[in-house]
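Summary of the model geometry
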Amino acid sequence: MQFRDFALQVAGIAEKAGQVILEVYHSADFQVEQKKDDSPLTIADQRANQVICDALNQMEFKFPIISEENKAIPYEERKDFSYAWLVDPLDGTKEFIKRNGEFTVNIALIRKGEVILGVVYTPVTNELFWAVKGEGAYKREGDDYIRLSPPTFKMDDEGLGVVCSRSHLNEETQQFVDGLNSPNRVPKGSSLKFLILAQGGAHIYPRLAPTMEWDTGAAQIILEEAGGKVIAQDTNEPLRYNKENLFNPHFIAYGAVRG
């Protein structure tokens, strides 16, 4: 299985989902509903999810799909998955509703708890990122893909860029930021927070609040393959996937930190 070719196929799927999202984005009515957890759901989430799931199921290699918008698969079934897709068809629904453009399509492939392939597409800016484990992280530039390699930094450097969510910032996160040397806050929505680290536009993303596995999987491998890392606060290990509980632990994402 050539995962690089696989990633480019998935990139095309993400773009098709992005086109569907933009159709809704430029319409008058998002048809916003509230989920049981009070998070918003729009018709764009649902339509993009359908596009992605249909396309993934038509690929040569077929794997189960764990998606934010699909019916939950019981862990007794999931625990035996060797491979699975992890899908967030519209990451940053709150940003979508605000019409600020900071939302993404996230598709990852996980193998035995580890992400091995990730694609993130930003519909409004038409930016496409992908990574395959051991093969680097890339961003589309015209007809080519450039390899991401952000500059290195140390945690005691002055003026580090700290990416913070536009929609979530709690006391624990503020305490972390206050412990840095004259940091600069960089507000950003959705998985774009990881991508700005992977490109060297900021340095650290502390997420000391709830997230789900589909929020992070695709962007995590892009950041890791660019030279960064995403570390669980409780274990100091990289985030793992297809756990019994699909909530992530609190984590810190770093760009190319050294020392």
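A short note on the overall build of the protein
Across its full length, the protein carries 7 helices and 14 strands. Expected size for 259 residues packed as a compact globule is a radius of gyration near 18 Å; at 17 Å, the protein falls within 12% of this value. Oriented by its inertia axes, the alpha-carbon framework of the protein measures out at about 50 × 45 × 45 Å. The long-range fraction of contacts in the protein, counting pairs at least 24 apart against all pairs at least 6 apart in sequence, stands at 62%. The positive charge centre, built from 28 side chains, and the negative charge centre, built from 38, are 1 Å apart in the protein.

A closer look at the layout of surface pockets
Looking at the largest pocket, its volume works out to about 1000 Å³. If you trace the largest pocket, you find 44 residues lining it, with Asp37, Glu68, Met212, Trp214 and Asp215 closest to the centre. Taken together, the elements giving at least two residues each to the lining of the largest pocket come down to strand S3 (65-67), strand S4 (83-91), helix H4 (93-98), helix H6 (192-198), strand S12 (204-207) and helix H7 (213-225). In this model, the second largest pocket occupies a volume close to 150 Å³. Considering the residues around the second largest pocket, the lining is formed by Gly101, Thr122, Val124, Thr125, Glu127, Phe129, Lys188, Leu192, Leu195, Ile196 and Gln199. Breaking the lining of the second largest pocket down by element, the ones donating at least two residues are strand S7 (127-132) and H6. Per element, the largest residue contribution to the lining of the second largest pocket is 3 residues, and it comes from H6. Residues that form the lining of the second largest pocket fall into these classes: 5 nonpolar, 4 polar and 2 charged.

Side note on the packing of helix H1 (residues 3-25) against helix H2 (residues 43-56)
With their axes 9 Å apart at the nearest point, H1 and H2 run at an angle of 160° to one another. Relative to H2, the element H1 lies roughly antiparallel. Considering the relative orientation of H1 and H2, their crossing is right-handed. Contacts from Ile13, Lys16, Ala17, Val20, Ile21 and Val24 of H1 reach H2 at Ile43, Ala44, Arg47, Ala48, Val51, Ile52, Ala55 and Leu56. For the contact of H1 with H2, the class distribution of residues is 12 nonpolar, no polar and 2 charged.

Some words on the pairing of strand S5 (residues 104-111)
Among the 8 residues in S5, 7 count as buried, and that is most of the element. With 7 bridges joining them, S4 and S5 adopt antiparallel strand pairing. Counterpart to Asp88 in the pairing with S5 is Asn106. Across 7 bridges, S5 lies against strand S6 (residues 114-122) in antiparallel orientation. If you follow Arg111 over to S6, its bridge partner there is Glu114. Here S5 folds back onto S6, and the loop between the two strands holds 2 residues, one of which, Lys112, carries a positive phi near 50°.

Looking at the sheet that holds strand S8 (residues 137-141)
Across the sheet, 7 strands lie side by side as S3-S4-S5-S6-S7-S8-S9; this open sheet has mixed pairing. Of all strands in the sheet, those bounded by a partner on one side alone are S3 and strand S9 (144-147). Across the sheet, the mean angle from the axis of one strand to that of its neighbour is 20°, orientation sign disregarded. The pairing of S3 with S4 spans 3 bridges and is parallel. Residue Ile65 lies in a different strand from S4, and its bridge partner there is Trp85. Together, S4, S5, S6, S7, S8 and S9 form the strand contacts of H1, whose direction differs from that of S6 by roughly 35°.

Brief notes about the packing of aromatic side chains
In total, this model carries 15 aromatic pairs according to the counting rule given. Ring geometry for Phe6 versus Trp85: centroids 5.7 Å apart, planes at 40°, classification tilted. Of this pair, Phe6 sits in helix H1 while Trp85 is found in strand S4, placing the two residues 79 residues apart along the sequence. When sorted by exposure, Phe6 lands in the same class as Trp85, which is buried. Taking 5.1 Å as the distance between ring centres and 75° as the angle between the ring planes, the aromatic pair formed by Phe96 and Phe103 counts as edge-to-face. The structure contains a cluster of three or more aromatic residues connected by ring pairs, namely Phe3, Phe6, Phe61, Phe63, Tyr83 and Trp85. The side chain of Arg4 reaches across the aromatic face of Tyr138, ending 5.3 Å from its centre. The ring centre of Tyr254 lies 5.3 Å from the NZ or CZ of Lys229, which sits over that ring.

Procedures and definitions
Residues numbered from 1 in each chain as written. Predicted model: local features only at pLDDT ≥ 70, side-chain atom pairs only at ≥ 80, totals over all residues. Heavy atoms only, no water. Helix = DSSP H or I, 4+ residues; strand = E, 2+ residues; numbered from the N terminus. Rg over C-alpha atoms; globule rule 2.2 N^0.38 Å. Contact = heavy atoms within 4.5 Å. Lys, Arg positive; Asp, Glu negative; His and termini not counted. Charge placed at Lys NZ, Arg CZ, Asp CG, Glu CD. 1 Å grid on protein atoms, 1.4 Å probe; cavity = no way out; pocket = protein on both sides within 12 Å on 5 of 7 lines; lining within 4 Å. Points joined across faces, edges and corners; volume = space filled by probe spheres on them. Nonpolar A, V, L, I, M, F, W, Y, C, P; charged D, E, K, R; others polar. Axes fitted to C-alpha atoms, helices over the stretch in contact; angles between N-to-C directions. Parallel < 35°, antiparallel > 145°, perpendicular 65-115°, else oblique. Left-handed = near helix turned anticlockwise from the far one by under 90°. Buried < 20%, exposed > 50% of the residue type's maximum accessible area, 1.4 Å probe, protein only. Pairing = 2+ DSSP bridges. Phe/Tyr/Trp six-rings, centres within 6.5 Å; stacked < 30°, edge-to-face > 60°. Lys NZ or Arg CZ within 6 Å of the ring centre and 35° of its normal.

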